[in-house]
Amino acid sequence: MKPYVLITGASSGIGYEFAKRFALEGYPVIMVSSNDEKLSRACSEIKDHIKNCEIIKIVQDLSKRGVSEELYHKVQDLNIEVGILINNAGIGYAGEFIKSEIRQQEDLMMLNMNNLVLLTHYIAKDMVANKSGKILNVASNGAFQPGPYIGTYYATKSFVLSFSQALRRELKSYGITVSTLCPGETVSDFARRAGKQQLKFSMPARKVADVGYRGLMKGKNVILPGIHNKAALLVPKKIRSLIIAKVYGNI
Ligand SMILES: NC(=O)c1ccc[n+]([C@@H]2O[C@H](COP(=O)([O-])OP(=O)(O)OC[C@H]3O[C@@H](n4cnc5c(N)ncnc54)[C@H](OP(=O)(O)O)[C@@H]3O)[C@@H](O)[C@H]2O)c1
């Protein structure tokens, strides 16, 4: 019997492709997101395409304080032990910081960082008790340098990368691996929701999830999908930040 895989942000983009991939590989999947209608559609699509797959839907807004506990209790009520956790839910916000809607920035930080940490805490404790588990946190290639005009988002992803690498070390002795996926531009709802344009060289979400799946299964530390995204990191950090300022300062 394969372990349950809990995926946050599974209603679209990379999270949806992860859900499909795990279901195809015969894993029972718990799909989480905040929009009931969108999530129901995503769950039905997967069930229609993959015979006999087990898909559980949990609607949970993860952008508020205290909601990770709610999600954890919903999982406990189902009498399920999560063997693989994919912390994928995330949003961005592009534009000048001082003109931004500060409550949206707060929700972004709560979703991308606080609730990722809290959910990891609850689920990793159970994994430690079981002496096995895998965690994949979705950061971004934005984690590697400051991002003017998209600064809060990039900073949350630097946090995710740093936190995940530290936790990887701590959990190693318990037989649990922690991996970090750092995608570059990816085709999904992300750009529209962040108020930016979908760039031409974006990778398909399915490809990103595929690289992420294989990296996670191998217990890799940091997973960077796409040769162009790897190559971009060879450019000095200061120049990368200047390019980002140019791209996002003009939207
Ligand atoms: N696309 C890119 O270029 C790119 C690049 C690097 C990293 N990433 C990261 O990849 C991850 C997935 O993004 P994506 O590109 O697949 O974008 P996406 O298609 O917009 O997917 C985001 C997912 O997060 C969920 N979500 C949003 N707000 C939520 C909330 N308050 N509570 C619970 N779930 C919420 C969304 O579902 P609901 O709307 O149903 O809640 C959706 O399932 C994010 O962490 C993002 O930062 C994306």
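One can find the structure itself at the top, above this paragraph.
Notes on the structure in this doc start here.

This part is about the overall build of the protein chain. Each helix and strand counted, the protein chain has nine helices and nine strands in total. Its C-alpha atoms give the protein chain a radius of gyration of 17 Å, within 12% of the compact-globule value 18 Å for 251 residues. For the C-alpha atoms alone, the extent of the protein chain along its principal axes is close to 50 × 40 × 35 Å. Expressed as a percentage of the 251 residues in the protein chain, the buried residues total 50%. For the protein chain, the exposed surface amounts to about 12,500 Å²; the carbon and sulfur share of it is 54%. Here the protein chain contributes 34 positive and 21 negative side-chain charges, whose respective centroids are spaced 10 Å apart.

With that out of the way, let us pick up the packing of helix H1 (residues 13-24) against helix H7 (residues 205-217). Any two packed helices are characterised by how steeply their axes cross, that is the angle between the axes, and by the distance between the axes. Their axes nearest at 8 Å, the elements H1 and H7 cross at an angle of 55 degrees. Here H1 is positioned oblique relative to H7, judged by the angle of their axes. Classified by chirality, the crossing of H7 by H1 is right-handed. Residue-level contacts link Gly 13, Ile 14, Glu 17, Phe 18, Lys 20, Arg 21 and Phe 22 of H1 to Ala 205, Arg 206, Val 208, Ala 209, Asp 210, Gly 212, Tyr 213, Leu 216 and Met 217 of H7. Residue composition of the contact of H1 with H7, grouped by class: nine nonpolar, two polar and five charged.

Let's shift gears to the nonpolar core. Grouped together as the largest cluster of nonpolar side chains are 32 residues, with contacts concentrated most on Ile 7, Phe 18, Phe 22, Met 31, Ile 46 and Ile 86. Elements represented by at least two residues in this core include exactly strand E1 (4-8), H1, strand E2 (29-33), helix H2 (36-49), strand E4 (82-87), strand E5 (133-138) and H7. If we skip the residues at most four places from it in the chain, Phe 18 touches Ile 7, Ile 86, Leu 136, Leu 181, Ala 209, Gly 212 and Tyr 213. One finds Leu 6, Val 75, Ile 80 and Leu 119 within the second-largest nonpolar core, a separate group that totals 26 residues.

Within E2, five of the five residues are buried, leaving the element largely enclosed by the surrounding structure. Where burial is concerned, the two faces of E2 agree: the one with Val 29, Met 31 and Ser 33 and the one with Ile 30 and Val 32 are both buried. Between E1 and its parallel partner E2, the chain crosses via H1, and the hand of that crossover is right-handed. This β-α-β element, E2 to H2 to strand E3 (residues 55-59), shows right-handed connectivity.

Inspection of the entire model under this criterion finds seven aromatic pairs. Taking the centre distance of 5.4 Å and the plane angle of 20 degrees together, the rings of Tyr 72 and Tyr 122 count as stacked. On the criterion of sequence distance, the pair formed by Tyr 72 in helix H3 (residues 67-77) and Tyr 122 in helix H4 (residues 102-130) is long-range, its members being 50 residues apart. Among the aromatic residues, those joined into a cluster by ring pairs are Phe 18, Phe 22, Tyr 27 and Tyr 213.

This next bit is on the environment of Ser 33. Tracing the sequence through the fold places Ser 33 in strand E2. Residue classification places Ser 33 among the buried positions, given a relative accessible area of 7%. Between the C-alpha atoms of Ser 33 and Phe 159, which are 126 residues apart in sequence, the distance is 22 Å. What Ser 33 contacts, discounting residues up to four positions off in sequence, is Gly 9, Ala 10, Ser 11, Leu 39, Ile 58, Val 59 and Gln 60. Of the polar contacts made by the side chain of Ser 33, one reaches the side chain of Ser 11; its length is 3.3 Å.

A few words now on H4. The first and last C-alpha atoms of H4 sit 41 Å apart over 29 residues, in line with the 42 Å expected at 1.5 Å per residue. Where H4 bends most, at Met 110, the angle is about 40 degrees. Positive backbone phi, approximately 55 degrees, marks Lys 131, located one or two places after H4.

Basis of the calculations
Every residue gets a number counted from 1 within its own chain, in the order that chain's sequence is written. The model is predicted, so local features are restricted to residues of pLDDT at least 70 and side-chain atom pairs to those at 80 or more, both for listing and for counting; the totals for chains, interfaces and linings are taken over all residues. Working from all heavy atoms in the structure, the side-chain values ignore hydrogens and water. The numbering of helices and of strands both runs from the N terminus, where a helix is a DSSP run of H or I of at least 4 residues and a strand a run of E of at least 2. When we talk radius of gyration, it's over C-alpha atoms, and the globule rule is simply 2.2 Å times the number of residues to the 0.38. Each residue is placed in one exposure class: buried if its accessible area under a 1.4 Å probe, protein chains only, is under 20% of its type's maximum, exposed if it is over 50%, and partly exposed if it falls in between. In short, Shrake-Rupley with a 1.4 Å probe defines the accessible areas, and a residue's cover is counted only from the protein chains shown. Only four residue types enter the charge count, namely Lys and Arg as positive and Asp and Glu as negative; His and the chain termini do not. Lys charges are placed at NZ, Arg charges at CZ, Asp charges at CG and Glu charges at CD. Fitted lines through C-alpha atoms give the axes, limited to the stretch in contact for helices. The angle between two N-to-C directions lies from 0 to 180 degrees. Should an angle fall under 35 degrees it is called roughly parallel, over 145 degrees roughly antiparallel, and 65 to 115 degrees roughly perpendicular, with every other angle called oblique. It is the rotation of the near helix from the far one that decides the hand of a crossing: anticlockwise by less than a right angle makes it left-handed, clockwise makes it right-handed. Whether two residues touch is decided by their heavy atoms; if any such pair falls within 4.5 Å, the residues are in contact. Amino acids are sorted into nonpolar (Ala, Val, Leu, Ile, Met, Phe, Trp, Tyr, Cys and Pro), charged (Asp, Glu, Lys and Arg) and polar (every other residue, Gly among them). What we call a nonpolar core is a set of buried Ala, Val, Leu, Ile, Met, Phe, Trp, Tyr and Cys residues that are connected through their side-chain atoms within 4.5 Å. Looking down the strands as they point away from the viewer, one classifies a crossover as right-handed if the path from the first strand across the helix to the second runs clockwise. Each Phe, Tyr or Trp ring (for Trp, its six-membered ring) is paired with any other whose centre lies within 6.5 Å, and the angle between the two planes then decides the class: stacked below 30 degrees, edge-to-face above 60, tilted in between. Contacts described as polar in this section are N or O atom pairs within 3.5 Å, which, within protein, must combine one atom able to donate a hydrogen with one able to accept it, while residues neighboring in sequence count only if both atoms come from side chains. Between the first and last residue of a helix there are one fewer steps than residues, each counted as 1.5 Å, and that sum is the expected span. Axes are fitted to the seven residues ending at a residue and to the seven starting at it; the angle between these axes is taken as the bend at that residue.

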